[in-house]
Amino acid sequence: MHTIAAEITVQWRSAMLRFAQLHLPSREEAEDAVQDTLAALLQLDRSSFDAAEAKSYLFGILRNKISDRLRQKYRAPVSYDEAFQDDLDQILFDKRGHWVEGVAPTTWVNPQQQLQNDQFFIIVDLCVHKLPAKPARVFSMKEFLECEAEEICSTLGITKADYWQCMSRARKQLQLCLHQNWFDKETAS
């Protein structure tokens, strides 16, 4: 598992760090969230881990690590009992013991479709990173971290009107960027 983890770390670490930096106030916090995610990867049972689904595992765990860090800023201190609970099970499984959506391993992946999906999300990532900082944070908190509007406004200290304006601008700019860098290229092929 350590060899697989090392390969995955090389492949996804920079993308994970860019994603974390969109949401966390300092590079150090982003680094810590990525390191926590990679540490969680090392704790996974090798038989339950599918290297082909590494991105889903990693970004699912990273989203939770980022959300936890953002919530800690606005939450009461953690009790002694809570501080020593293993949160990996809570990240991977729901209350009934079922896999959390987006983290569960799949039984079969079509390699061609997976390549196309990976390429598309690379373009999405590039487009999100071309956005101005504020709309990029608002959009990715909503769409990638699945935060509610109230939580985003509270976390970023913005009004509802500002939230909706950022979402509108982000969606329009992403639509334009995706048309120029993905959809127009598909029709030209």
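Conventions and cut-offs
- Residues numbered from 1 in each chain as written.
- Predicted model: local features only at pLDDT ≥ 70, side-chain atom pairs only at ≥ 80, totals over all residues.
- Heavy atoms only, no water.
- Disulfide = S-S within 2.5 Å.
- Helix = DSSP H or I, 4+ residues; strand = E, 2+ residues; numbered from the N terminus.
- Buried < 20%, exposed > 50% of the residue type's maximum accessible area, 1.4 Å probe, protein only.
- Core = buried A, V, L, I, M, F, W, Y, C linked by side-chain atoms within 4.5 Å.
- Contact = heavy atoms within 4.5 Å.
- Phe/Tyr/Trp six-rings, centres within 6.5 Å; stacked < 30°, edge-to-face > 60°.
- Axes fitted to C-alpha atoms, helices over the stretch in contact; angles between N-to-C directions.
- Parallel < 35°, antiparallel > 145°, perpendicular 65-115°, else oblique.
- Left-handed = near helix turned anticlockwise from the far one by under 90°.
- Nonpolar A, V, L, I, M, F, W, Y, C, P; charged D, E, K, R; others polar.
- Expected span 1.5 Å × (residues − 1).
- Polar contact = N/O pair within 3.5 Å; in protein donor to acceptor, adjacent residues only side chain to side chain.

Visitor: How should the state of the cysteines be read in this particular structure?
Guide: Under the definition given, this model contains one disulfide. A sulfur-sulfur separation of 2.1 Å characterises the disulfide bridge that pairs Cys-127 with Cys-177. Judged by the torsion about the S-S bond (-80°), the Cys-127/Cys-177 disulfide is left-handed. One end of the pair, Cys-127, is in helix α6 (residues 111-130); the other, Cys-177, is in helix α9 (residues 160-188), and 50 residues separate them in sequence. For the pair formed by Cys-127 and Cys-177, the shared burial category is buried.

Visitor: How should I be thinking about unusual backbone geometry in this particular structure?
Guide: Negative phi characterises most residues that are not glycine, and trans characterises most peptide bonds. The phi torsion at Glu-146 lies on the positive side, around 60°, for a residue other than glycine. One can find Glu-146 in the loop between α7 (133-143) and α8 (149-156). For Glu-146, a relative accessible area of 62% translates into the label exposed.

Visitor: I keep staring at the nonpolar core and nothing clicks. Help me out?
Guide: One recurring pattern in soluble globular proteins: nonpolar side chains tend to sit buried together. Residues Met-16, Leu-62, Ile-66 and Tyr-163 are the most contacted members of the largest nonpolar core, which totals 44 residues. Counting only elements with at least two residues in this core, the list comes to α1 (2-23), α2 (27-43), α3 (54-72), α6, α7, α8 and α9. Of all the elements, α9 adds the most residues to this core, at eight residues. Apart from residues no more than four positions distant in its own chain, Tyr-163 is found in contact with Val-138, Lys-142, Ala-149, Ile-152, Cys-153 and Ile-158.

Visitor: Could you clarify how one ought to interpret the packing of aromatic side chains in this entry?
Guide: How two aromatic rings sit relative to each other is given by the distance of their centres and the angle of their planes. Tallying each qualifying case throughout the model produces four aromatic pairs. Ring centres of Phe-19 and Phe-144 lie 5.7 Å apart, and the angle between their planes is 55°; this geometry places the pair in the tilted category. A residue pair is termed long-range when its members are at least 10 positions apart, and Phe-19 in helix α1 and Phe-144 in the loop between α7 and α8 qualify at 125 residues. With relative accessibility at 6%, the residue Phe-19 sits in the buried group. Between Phe-139 and Phe-144, the ring centres sit 6.0 Å apart and the planes meet at 85°, which makes this aromatic pair edge-to-face. For Phe-144, a relative accessible area of 24% puts it in the partly exposed group. These aromatic residues form a ring-pair network of at least three members: Phe-19, Phe-59, Phe-139 and Phe-144.

Visitor: I would appreciate a short explanation of the environment of Leu-126 in the present structure.
Guide: With respect to the element layout, Leu-126 can be found in helix α6. A relative accessible area of 47% means that Leu-126 is categorised as partly exposed.

Visitor: Mind showing me how you'd approach the packing of α2 against α3 here?
Guide: How two helices sit against one another is set out by the angle between their axes and by the gap between those axes. Closest axis-to-axis distance for the α2/α3 pair is 9 Å, and the angle between their directions is 135°. On the basis of the axis angle, α2 is oblique to α3. Every pair of crossing elements has a handedness; the one defined by α2 and α3 is right-handed. The segment α2 lies against α3, with Glu-29, Asp-32, Ala-33, Val-34, Asp-36, Thr-37, Leu-38, Ala-40 and Leu-41 engaging Leu-58, Ile-61, Leu-62, Lys-65, Ile-66 and Arg-69. Of the residues contributing to the contact of α2 with α3, the split by class is nine nonpolar, one polar and five charged.

Visitor: Sorry, what's going on with the environment of Leu-24 here?
Guide: On the secondary structure map, Leu-24 appears in the loop between α1 and α2. Every residue in contact with Leu-24, bar those within four places of it in the chain, is listed here: Glu-29, Ala-30, Ala-33, Ile-66, Arg-69 and Leu-70.

Visitor: Can you walk me through α3 in this structure?
Guide: Three- or four-residue spacings in an α-helix give side chains the same orientation, since the helix completes a turn every 3.6 residues. For α3, which comprises 19 residues, the first-to-last C-alpha distance of 27 Å matches the rise-based estimate of 27 Å (1.5 Å per residue) to within 8%. Within α3, the full set of buried residues consists of Ala-54, Tyr-57, Leu-58, Phe-59, Gly-60, Ile-61, Leu-62, Lys-65, Ile-66, Ser-67, Arg-69 and Leu-70.

Visitor: When you look at the side chain of His-23 in this model, what are you seeing that I'm missing?
Guide: With respect to the helices, strands and loops of the structure, His-23 is situated in helix α1. A polar contact of 3.0 Å, which involves the side chain of His-23, links it to the side chain of Ser-140.

Function-wise, these values are silent; they only describe arrangement.
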